[in-house]
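Structural overview
The primary structure of each chain is shown beneath.
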Amino acid sequence: MDNSSGNHIALTPLTCAQRTHAGFTLLEILVVMFIIGIIVGFATLSVGGRAGDDRLQQEAERLDALMQIALEDAILYGKEVGLDLTPKGYRFLRLTDKGWQPIARSDHPLRARTLDSEMKLELHIPEGEQLKLAARASDARNKDKKDDGLRPEVLFLSSGEVTPFTLELSATNAVSQYVLSGELTGKLTMTSKQGNG
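Now for a quick tour of the structure. Not measured: the values here are computed from a predicted model. (Residues numbered from 1 in each chain as written. Predicted model: local features only at pLDDT ≥ 70, side-chain atom pairs only at ≥ 80, totals over all residues. Heavy atoms only, no water.)

**Describing the packing of aromatic side chains**
Under the definition given, this model contains two aromatic pairs. Both rings, one in Y90 and one in F92, keep their centres 6.2 Å apart while their planes meet at 90°; by these two values the pair is edge-to-face. Classification of F92 by relative accessible area gives buried; the value is 0%. Put simply, the rings of Y90, F92 and F156 pair up and form one aromatic cluster. (Phe/Tyr/Trp six-rings, centres within 6.5 Å; stacked < 30°, edge-to-face > 60°. Buried < 20%, exposed > 50% of the residue type's maximum accessible area, 1.4 Å probe, protein only.)

**Side note on the nonpolar core**
M67, L83, Y90, F92 and F156 are the most contacted members of the largest nonpolar core, which has 28 residues in total. Contributions of two or more residues to this core are made by α2 (26-77), β1 (81-86), β2 (89-96), β5 (119-124), β6 (154-156), β7 (165-171) and β8 (176-182). Ranked by residues supplied to this core, first place goes to α2 with eight residues. Core analysis: the next-biggest nonpolar cluster, separate from the first, contains five residues, L93, L95, W100 and L155 among them. (Core = buried A, V, L, I, M, F, W, Y, C linked by side-chain atoms within 4.5 Å. Helix = DSSP H or I, 4+ residues; strand = E, 2+ residues; numbered from the N terminus.)

**Examining the sheet that holds strand β9 (residues 188-194)**
Read across the open sheet, the four strands follow the order β5-β7-β8-β9; overall the sheet is antiparallel. The open sheet has two free edges, formed respectively by β5 and β9, since each of these has just one partner strand. Across the sheet, the mean angle separating the axes of adjacent strands is 20° when strand polarity is ignored. (Pairing = 2+ DSSP bridges. Axes fitted to C-alpha atoms, helices over the stretch in contact; angles between N-to-C directions.)

Okay, here's the thing in structure tokens:
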């Protein structure tokens, strides 16, 4: 039987040129790795830029929730609670027979908190409002008890009243800014705005 006129496929060894195109060259692999590196770099910058805003939002929501808890705590237990800003964050104080005392239990929701170094808290209180509520808080305790000098900036009274205040939370690595505010009636709100200024 003659196979010469049919479909005869000759198997020959690969030539040098054919072997070169059988896989990727080192240059092609380096170019692909370079492009992947650029894409990953942009993704990291994008996520890193947003991370500051996410942490700031989380901190603002936590502070808002803690102030709600402080007000409920004051009403429930009939003891005044105060917010005290510290150089590195904030803490809550409770008015006791010995004066204002920090809430020291490490498992208590109102324990002292430390802010990230990029974050900043700025408090604004209308003229005279702090003095009025401070006088009421002072009347709530015995005059003969020792006063250790601690004074909270914001008061949450057992009557449900709150020092009228505006508290701005911002960060150098975030675009957003959060404004937490309180009214004399005890209404607490949180809003956000764009920009650090």
